[in-house]
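Observations on chain architecture
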Amino acid sequence: MPNKLIKIDSSLKIDSLYKDLSSLIEKSKQKAISQAKSTVNLLFWQIGKRINDEILNNKRAEYGAQVISKLAEKLSSEYGRSFEEKNLRRMLQFAECFPEKKIVVTLSRQLSWSHFLVIIPLRTMESRLFYANLSIRNILGVRDLRHEIEMKCFERTKIANTQISKKSKIPLNTFKDPYMLDFLDLQSAYLEKDVEEAILRDLESFILELGKGFAFVERQKRMIIDGEDFYLDLLFYHRKSKRLVAIELKIGKFQAKYQGQMKLYLKWLNRYERQPDENEPIGLILCAGDSREQIELLEMDKDGIMVAEYWTELMPKKKLEEKIHTLLLEARERMRTRHLIDCK
């Protein structure tokens, strides 16, 4: 009997030791992969910068073309296809788009060269950094990153951010405007409860559209105020900002009365549901249409309320780009106007 106990005890110790060693090996492998990524990315950046410096010093376009072509021929014969002319040109673009080595070093620890190839063609440094950080924060693969870019995540986040003032209770980059809810597959005529039910049927897609860090808490959250029942459509929790997020769904354009309703819900949640280590709840009113001037005049962000449109049909790519671009320009103009008024 004692021998049997010794064998069982020994087996348990071996299993425990095996798990510990496996964990060490996996962590080491991940670290090695991360270091390998970082080394390759930094090498490509350094090559791009060195060639750029040489071409800029000479200041002749034809000289630059010759340099790249001859270097590619020599390097690819010695070190392989990674250094062919088209790849050298990508390295030049890499160094041009990310001129600061410090930023490259930081991003390279967690992004692959394939991620950078998707990000490099973007027009502004702001958008490049947005998608780089989004990829890191949400652990996006290259395919998912491309999807976020195609769906104009940066521009939609910027549009939502224009509602946020210095006195806002809403953190930047929490929401988007508009939200793409084409996956709900709603018919032409639908009610608010149809939208809610469709969201709950495909909750995973809705959370992906909301963004990483949102967790579903409850539907039709019941609140008893003055003996009367009130029901909040959807309640979520945002892990990064450590707060409850109340979501109300509306099938028409935004109406000013929605502000009072959401404000009441947030006050109730703050009093009865907020935990000691959490921040104040915030609210998102999703409407099928906008009322931009009303939203601007009400300045609801100071009460922790954001209003955004939702689109149930996805436009063709070209039309989507034009529509989002127009919305972004309009949002920026409203922000400039507000700034001018505040400065008077």
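Just so you know, these numbers come straight off a predicted model, no measurement behind them.

1. What about the pairing of strand β2 (residues 214–225)?
Relative to strand β3 (residues 228–238), β2 runs antiparallel, the two sharing ten bridges. Across the sheet, the residue bridging to Phe216 is Phe236, located in β3. Once β2 ends, the chain turns through two residues before running back antiparallel as β3, passing Asp226 with a positive phi of about 55°.

2. Focus: the layout of surface pockets
Considering only enclosed or pocket space, the largest pocket measures out at about 920 Å³ in volume. Counting residues per element, the ones that place at least two in the lining of the largest pocket are α6 (125–137), α7 (142–150), α8 (153–161), α10 (203–210) and β2. Per-element accounting of the lining of the largest pocket gives the leading share, five residues, to α10. Broken down by class, the residue content of the lining of the largest pocket amounts to 16 nonpolar, eleven polar and nine charged. As a volume, the second largest pocket reaches approximately 770 Å³.

3. Focus on unusual backbone geometry
For the bond running from Asp177 to Pro178, omega is 0°, close enough to zero to count as cis. Mapped onto the secondary structure, Pro178 falls in the loop between α8 and β1 (179–180). Although it is not a glycine, Lys242 sits at a positive phi angle of roughly 50°. Note that Lys242 resides in the loop between β3 and β4 (243–253). Classification of Lys242 as partly exposed rests on a relative accessible area of 45%. For Glu299, which is not glycine, the phi torsion reads 50° and is therefore positive.

4. Things to note about helix α3 (residues 85–97)
With 13 residues, α3 extends 18 Å from end C-alpha to end C-alpha; this agrees with the ideal 18 Å at 1.5 Å per step. When α3 is considered as a whole, its buried residues turn out to be Asn87, Leu88, Met91, Leu92, Phe94, Ala95 and Cys97.

5. Looking at the sheet that holds β3
In spatial order, the strands read β1-β6-β5-β4-β3-β2; together these six strands make up an open sheet with mixed pairing. Strands with a single pairing partner mark the edges of an open sheet, and in this sheet they are β1 and β2. With five bridges joining them, strand β5 (residues 282–289) and strand β6 (residues 305–311) adopt parallel strand pairing. Paired with Leu284 across the bridge in β6 is Met306.

6. Considering the side chain of Asp301
Looking at the secondary structure, you find Asp301 in the loop between α12 (292–298) and β6. Assessed through its relative accessible area of 3%, Asp301 is described here as buried. For Asp301, the residues in contact, after removing those within four places along its chain, are Gln163, Ile164, Ser165, Ser168, Lys169 and Ile170.

7. Let's talk about the packing of aromatic side chains
Under the counting rule described, the total for this entry stands at 15 aromatic pairs. Measuring from centroid to centroid gives 4.8 Å for Phe44 and Trp113, while their planes differ by 70°, and the two rings are edge-to-face. You can see Phe44 sitting in helix α1 (residues 2–58) and its partner Trp113 sitting in helix α5 (residues 113–119), a full 69 residues away along the chain. Each residue in the set Phe44, Tyr79, Phe83, Phe94, Phe98, Trp113 and Phe116 is aromatic and connected to the rest through ring pairs, giving one cluster. Its end group placed over the ring of Tyr258, Lys250 keeps NZ or CZ at 4.6 Å from the ring centre.

8. Points about α8
Every α-helix winds through 3.6 residues per turn, so residues three or four apart in the chain are directed the same way. Counting buried positions along α8 yields seven of nine residues, so the element is predominantly enclosed. Among the residues of α8, those classed as buried are Cys153, Phe154, Arg156, Thr157, Ile159, Ala160 and Asn161.

9. Digging into the pairing of β4
Across the eleven residues that make up β4, a large majority, eight, are buried. By the bridge criterion, five bridges tie β3 to β4 in an arrangement that is antiparallel. Directly across from Leu234, in β4, lies its bridge partner Ile247. Hairpin remark: β3 followed by β4, antiparallel, with four residues in the connecting loop; positive phi at Lys242, about 50°. Pairing geometry for β4 and β5, over seven bridges, is parallel. Residue pairing in the sheet places Lys253 in a bridge with Gly289 of β5.

The rules behind the values
Residues numbered from 1 in each chain as written. Predicted model: local features only at pLDDT ≥ 70, side-chain atom pairs only at ≥ 80, totals over all residues. Heavy atoms only, no water. Pairing = 2+ DSSP bridges. Helix = DSSP H or I, 4+ residues; strand = E, 2+ residues; numbered from the N terminus. 1 Å grid on protein atoms, 1.4 Å probe; cavity = no way out; pocket = protein on both sides within 12 Å on 5 of 7 lines; lining within 4 Å. Points joined across faces, edges and corners; volume = space filled by probe spheres on them. Nonpolar A, V, L, I, M, F, W, Y, C, P; charged D, E, K, R; others polar. Buried < 20%, exposed > 50% of the residue type's maximum accessible area, 1.4 Å probe, protein only. Expected span 1.5 Å × (residues − 1). Contact = heavy atoms within 4.5 Å. Phe/Tyr/Trp six-rings, centres within 6.5 Å; stacked < 30°, edge-to-face > 60°. Lys NZ or Arg CZ within 6 Å of the ring centre and 35° of its normal.

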